[in-house]
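Descriptive structure summary
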Amino acid sequence: MATDRVVPGPKGKFFVGCAKEISEDRIAFLMSISRQYGELVRFTIFGQPVYLVTKPDYVKEILVTNNKDFHKSSLLRVARFILGDGLLTSEDDFHKRQRRMMQPAFHSQRVNDYAQTMIDYAVKHADAWNDLNGQPIDVWDEMMRLTLAIVAKTLFSADVEGEAHEIGDALKDVIKIFERVAHPLAGLSLMLPTPRNIRIRLARRRIARTINRIITERRASGEDRGDLLSMLLRAQDEDDGGVMNDTQVRDEAITLFLAGHETTANALTWTWYLLAQNPEVERKLHAEIDSVLSGMPPTPDDLQKLEYTRRVFAEGMRLYPPGYLIGRTAVRDSILDGHSIPRGSLVLVCPFVTHRNAEYFPEPMKFDPDRWTPEQQRDRHKFAYYPFGSGPRTCIGEPFAWMEGVFLMAVIAQRWAFDIERDHPVEYDPQVTLRPKHGMTMRLRSRADAQTAQAANE
Ligand code: HEM
């Protein structure tokens, strides 16, 4: 096979390459170059070669078949500053061992145990809106608070509505650090003693202290509370019998805490936004929820029955995948379908672009949950949809996220609908996850009102 196929792409400007375009409007830039040059595109940022990969066959090569040639992006070194050697940032044998030890915590039986917490928290949260009927609320902020409370409860058994403010506030500071990941001088700028960097360091210390305290208390009591932290403390490597020390447990706990709430909150927020623009889909969703739940909160057993709800969530993540960009660095020279990818290149695998390609999803901008019927799925390339990545680094929290997404949608949509607020600007804020830049202000509409009106008309 020829190994010298040229990878097309924009030339960019002298010295800076495409640095300006990618930092100004990342999503528009990635969409436009893929439209113009295809499913494998090369460009540079300050001389650094970057490959945008969106063809399903190539995505599979990078994330699965040839994963050993591609490590996590070097930009993630900055994330190490916060996450230590957690699952998201570690590599090679260390990663493999940690993943092996943590996997049982995400097996379906274990995840099922978290279902009731998700349902209870969602009911409490949705009921707290009762005085806000007809009012605008920031749906993104609400989803962030709800998923944060759920991850804190399932991870630490901590009812963080109170304490979480301490952790939550510190986390918000720390999350900001990720915003610098896109900057080519990220590692250096973090070393500078600016007020912001000092705040981030203090926040990081505060989180470490809080979690260390929880770990010490838990080890001392020896209690198994059935939460993820208990799983981490008891996890044992099946090969060498080793366990995690406190630092490893802490790094993994912070990783799960960070990785485990913003992604789901974004997925839900964008899905509410899509539903508000698609009344027919919303109507079908309500019909399923009303018929499966008959006005009662869901039970963990209802998950399988909420099939359309699951499709709605899947379709929301197609159009707005929270992990819209999956970064890798080529650790050796490699060949991708005859194109050479030199060692040191940055490889950006982009679900956002693949998910909007008409070749795999006809009428890609149409919000159509029926794309996720088994028949429609059967005929589609398996790697045309990968909101959770794939291969050895695939999202460990995927079963957790599906369950959380479906139950939160069911509980909330049973009680409420959200209407678009015309004046509210909706723009992307593509940081590590795909956030809405100005939050997502929408108007709450009680479904009970609509049901009463309908009953009166019948
Ligand atoms: C809708 C929700 C979620 C989405 C879209 C999502 C997406 C992703 C993606 C794309 C990756 C792969 C990154 C890569 O290959 O570089 C990933 C990894 C990861 N996710 Fe998620 N995630 C979600 C929810 C969660 C939850 C709920 C948790 C934990 C409770 C979690 C924990 C993790 C961890 C620890 C990794 C690193 C896995 C490894 O490298 O071995 N995620 N996630």
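Residues numbered from 1 in each chain as written. Predicted model: local features only at pLDDT ≥ 70, side-chain atom pairs only at ≥ 80, totals over all residues.

**Thoughts on the site of the ligand**
Taken together, the neighbourhood of the ligand is formed by 23 residues, with G260, G323, G389, C395 and G397 sitting nearest. Split by residue class, the shell around the ligand holds 13 nonpolar, seven polar and three charged. (Near = placed C-beta within 6 Å. Nonpolar A, V, L, I, M, F, W, Y, C, P; charged D, E, K, R; others polar.)

**Looking at the confidence of the model for the chain**
Mean pLDDT over the chain works out to 89, with 90% of the residues at or above the 70 mark. The model gives residues 181–185 a pLDDT under 50, and that stretch makes nine contacts with residues more than four places away or in other chains. (pLDDT = per-residue confidence, 0-100. Contact = placed C-beta atoms within 7 Å.)

**Examining the sheet that holds strand 4 (residues 136–138)**
The strands that make up a sheet pair up through hydrogen bonds in the backbone, lying either parallel or antiparallel. Spatially, the three strands line up as an open sheet ordered 4-12-9, and their pairing is antiparallel. Two strands in the sheet have a free side with no partner beyond their single neighbour: strand 4 and strand 9 (416–420). On average, each strand axis in the sheet is tilted by 50 degrees relative to the strand beside it, whichever way the strands run. Strand direction decides the pairing type here: strand 4 and strand 12 (residues 441–446), joined by three bridges, are antiparallel. Of the residues in strand 12, the one forming a bridge with I137 is M442. Strands strand 9 and strand 12 of the sheet are contacted by helix 13 (residues 262–277), whose axis makes an angle of about 75 degrees with strand 9. (Pairing = 2+ DSSP bridges. Helix = DSSP H or I, 4+ residues; strand = E, 2+ residues; numbered from the N terminus. Axes fitted to C-alpha atoms, helices over the stretch in contact; angles between N-to-C directions.)

**Here we look at helix 12 (residues 246–259)**
Over its 14 residues, helix 12 extends 20 Å from the first C-alpha to the last, a length consistent with the 20 Å expected when each residue adds 1.5 Å. Burial runs high along helix 12: twelve of the 14 residues are buried. Among the residues making up helix 12, those that are buried are Q248, V249, R250, D251, E252, A253, I254, T255, L256, F257, L258 and A259. (Expected span 1.5 Å × (residues − 1). Buried ≥ 20, exposed ≤ 12 C-beta atoms within 10 Å, placed from the backbone.)

**Structural notes on the packing of helix 6 (residues 108–127) against helix 7 (residues 139–156)**
One way to put it is that helix 6 packs onto helix 7 with a least axis distance of 10 Å and a crossing angle of 145 degrees. Handedness of the helix 6/helix 7 crossing: right-handed. Contact with helix 6, carried on its side by Y114, T117, M118, Y121, A122 and H125, involves L146, A149, I150, K153 and T154 of helix 7 and no other residues of that element. Looking at the contact of helix 6 with helix 7 residue by residue, the classes come out as seven nonpolar, three polar and one charged. (Left-handed = near helix turned anticlockwise from the far one by under 90°.)

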